[in-house]
Amino acid sequence: MAKRIDVKDLNIFYGKFHAVDGVTLAVPPRSVTAFIGPSGCGKSTVLRSLNRMHEVTPGARVEGKVLLDGEDIYASSVDPVEVRRTIGMVFQRPNPFPTMSIRDNVVAGLKLAGVSNRKQLNEVAERSLRGANLWAEVKDRLDKPGGSLSGGQQQRLCIARAIAVQPDVLLMDEPCSALDPISTLAIEDLIGELKKDFTIVIVTHNMQQAARVSDQTAFFNLAGVGQPGKLVEIDDTEKIFSNPNQQATEDYISGRFG
Amino acid sequence: MIGAMTEDSGQSGGRAGVRRPGDSIFRALTTGSGLAIVIAIGLIGIFLLIKAVPSLVADKANFLFSPDFITTDPTNLKFGIRDLFVVTVLSSLVALVIAMPIALGIALFLTHYAPARLSRPFAYIVDLLAAVPSIVFGLWGAQVLGPTLEPFETWLNKVFGWFPLFANGNIPLAGAGTIFTVGVVLAVMLLPIITSVTREVFRQTPVMQIEGALALGATKWEMLRTTVLPFGRSGYIAASMLGLGRALGETVAVLIILHASPKPSGFSLFDGGYTFASKIASAASEFSQPLPTGAYIAAGLVLFVLTFIVNAAARSVAGGKVHK
Ligand SMILES: Nc1ncnc2c1ncn2[C@@H]1O[C@H](COP(=O)(O)OP(=O)(O)OP(=O)(O)O)[C@@H](O)[C@H]1O
Ligand SMILES: [Mg+2]
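How each quantity is defined
- Residues numbered from 1 in each chain as written.
- Chains lettered and ligands numbered in written order.
- Predicted model: local features only at pLDDT ≥ 70, side-chain atom pairs only at ≥ 80, totals over all residues.
- Heavy atoms only, no water.
- Contact = heavy atoms within 4.5 Å.
- Buried area = accessible area lost by both parts, 1.4 Å probe.
- Salt bridge = Lys/Arg side-chain N within 4 Å of Asp/Glu carboxyl O.
- Helix = DSSP H or I, 4+ residues; strand = E, 2+ residues; numbered from the N terminus.
- Nonpolar A, V, L, I, M, F, W, Y, C, P; charged D, E, K, R; others polar.
- Near = heavy atom within 4 Å.
- Polar contact = N/O pair within 3.5 Å; in protein donor to acceptor, adjacent residues only side chain to side chain.
- Areas by Shrake-Rupley, 256 points an atom, 1.4 Å probe, with all protein chains shown as cover.
- Domains from an automatic or database assignment.

Novice: For the interface of chain B and chain A, give the residues involved together with the corresponding values.
Specialist: Taken together, the 15 residues of chain B in the interface contact 21 residues of chain A. In total, chain B and chain A occlude about 1,600 Å² of area from one another, counting both sides; carbon and sulfur atoms represent 68% of this. Inspection of the region where chain B meets chain A yields two salt bridges. A salt bridge links E222 of chain B to R85 of chain A; its shortest N-O distance comes to 3.6 Å. At the level of elements, α7 (207–215) and α8 (220–249) of chain B are the ones that each hand at least two residues to the side of chain B that touches chain A. If one sorts the elements of the side of chain B that touches chain A by residue count, α7 of chain B sits on top with seven residues. A breakdown of the residues in the side of chain B that touches chain A according to their chemical character gives seven nonpolar, six polar and two charged.

Novice: Could you give me a rundown of the site of ligand 1, with the residues and numbers involved?
Specialist: Residue and element names in this part refer to chain A. With respect to spatial proximity, 13 residues lie near ligand 1, and among them S39, K43, S44, T45 and H205 are the closest. In the model, an oxygen atom of ligand 1 is placed 2.8 Å from a nitrogen or oxygen of the G40 main chain. A distance of 2.6 Å is found between an oxygen atom of ligand 1 and a side-chain nitrogen or oxygen belonging to S44. Burial of ligand 1 by the surrounding chains reaches 63%, relative to a free accessible area of 630 Å². Counting residues per element, the ones that place at least two in the shell around ligand 1 are β2 (17–27) and α1 (43–49).

Novice: Tell me about the domain arrangement of chain B, and name the residues and values.
Specialist: Residue and element names in this part refer to chain B. Under the domain assignment used here, chain B contains domain 1 (2–58) and domain 2 (69–323). Using C-alpha coordinates to define each centre, domain 1 is positioned 33 Å away from domain 2. With nine residues of domain 1 in contact, the opposing surface of domain 2 contributes 10 residues. Roughly 770 Å² is buried in total at the junction of domain 1 and domain 2, and carbon and sulfur atoms are behind 83% of that figure. The three residues of domain 1 that bury the most area against domain 2 are L48, S55 and A58, which together make up 53% of that side's buried surface. Where domain 1 meets domain 2, there are zero salt bridges. Counting across the domain 1 and domain 2 interface gives two residue pairs in polar contact (both at pLDDT 80 or more). Taken together, the residues of the side of domain 1 that touches domain 2 sort by class into seven nonpolar, one polar and one charged.

Shown next as structure tokens:
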């Protein structure tokens, strides 16, 4: 199911503000790509334009192409709702639906897609919760509200919710930034598991995390306040962290930034 | 918020003995105003009770279940609140049934469908409805809306007359001075109340949740159903209850629109008659003698209790939201 993503000369705007300039990159299937870079350089913005969440913000728009296995998700014939069904997203803060039960949270996407068979939903819920390493902790309270879990559990619930619909790609925007080290480790392990089935793009501020989980790393930077963010380079993670092509990347990674 | 509070208590608790005059004065003022309200409400209640009890004792009819309200002869009081209660509740419920879905639609439209440029002015227009004096609504209801609704009400009565609510009323339908018409007018008066509160609650739906739904591939309507509506539900219900409280007490508009009837209420929407409030207002000239006056005060007390219950219900619904 995993698909590749090719971004071609993507320019992203918030109204008149040019937030990201000319990004071109490729994400192979069944791999983890990490986005790193200083705050405000447009990592989230690029990530959100990969599943057309960017345009949810009033006035936001993009120019350029994002190809999912060769098909432009911004083509005029493409329905953004369909795009988001095939490209899932996990947010920085866990955002389960607070009043829905844990089980209903997991299968919310399936229900939206029209699946109503109780047995099938239960199966998917279990499979997804197992996939998100959460099954053991919640199997006895699937009917409790999603808001009753701890932050780390909620985040894994959100991951379960995202993988329940079997997306082609999984986007994660700093999925561990609100979590303790143990939950973070659990999610990193999970990412390692998930990449067998999904194409994953993850934004992170944690260099070690990028080094640990990703196959390739993209470094974004911005020239100054009010300037658009740019992709400085993208390469194998090992290469980026040992011997990057650009001086700016090296400075950022070694903490000699700014 | 929490930080400010702990800091505050830390100051007053940590330096026990230090009393700032500003603090003491402010505390006395706020405590005083709080107490004043409670005392005022208590006194009003006691006043009403004292005035009502002699009349209730002199009442020759069953206060709760008699449809009569005859107070012309102070030595032979015969009054009951059955019809006042029925007319009040029926007209308010009609208003609620009409206003609730429309207000919900307007609130959703304003928060999630209207273009940003249109949303503000449109919200302003809806809010303006609240500024129209109820006497104007009354005139409009009696002169314009009633005659307009008359054919529709006649049709309803003819086709659905077998259903008790649409059965023949106790007044002729000409001019449609009916509970139904009053309900429609009250609905218009409730719209701004319910809409404005609901709109604000909907606006506060966390963006994170909205995006969570959209990222799962929810259409706009599905997003509204999974996030905004559950989030705003209790606020919407509380707003409707507040509106109901307002409808129960509306006086002038009802007085102008609703035709009086010599016959008791038959629980039909095409009845005429009086609500608690309009009955009391209509009899203001009788208030020179204590016993007849007491009869109306007793009716007022019942309205007071009814409104109080509705408001308490609204608060408990809204409070449930805060504690969730
Ligand atoms: N909703 C918005 N409206 C207008 N400008 C925005 C909006 N969201 C982000 N921006 C701007 O776009 C630029 C990139 O923001 P973005 O959130 O993508 O940065 P980021 O790299 O994810 O930063 P961080 O690491 O802090 O999350 C910033 O200059 C930001 O101010
Ligand atoms: Mg970000």
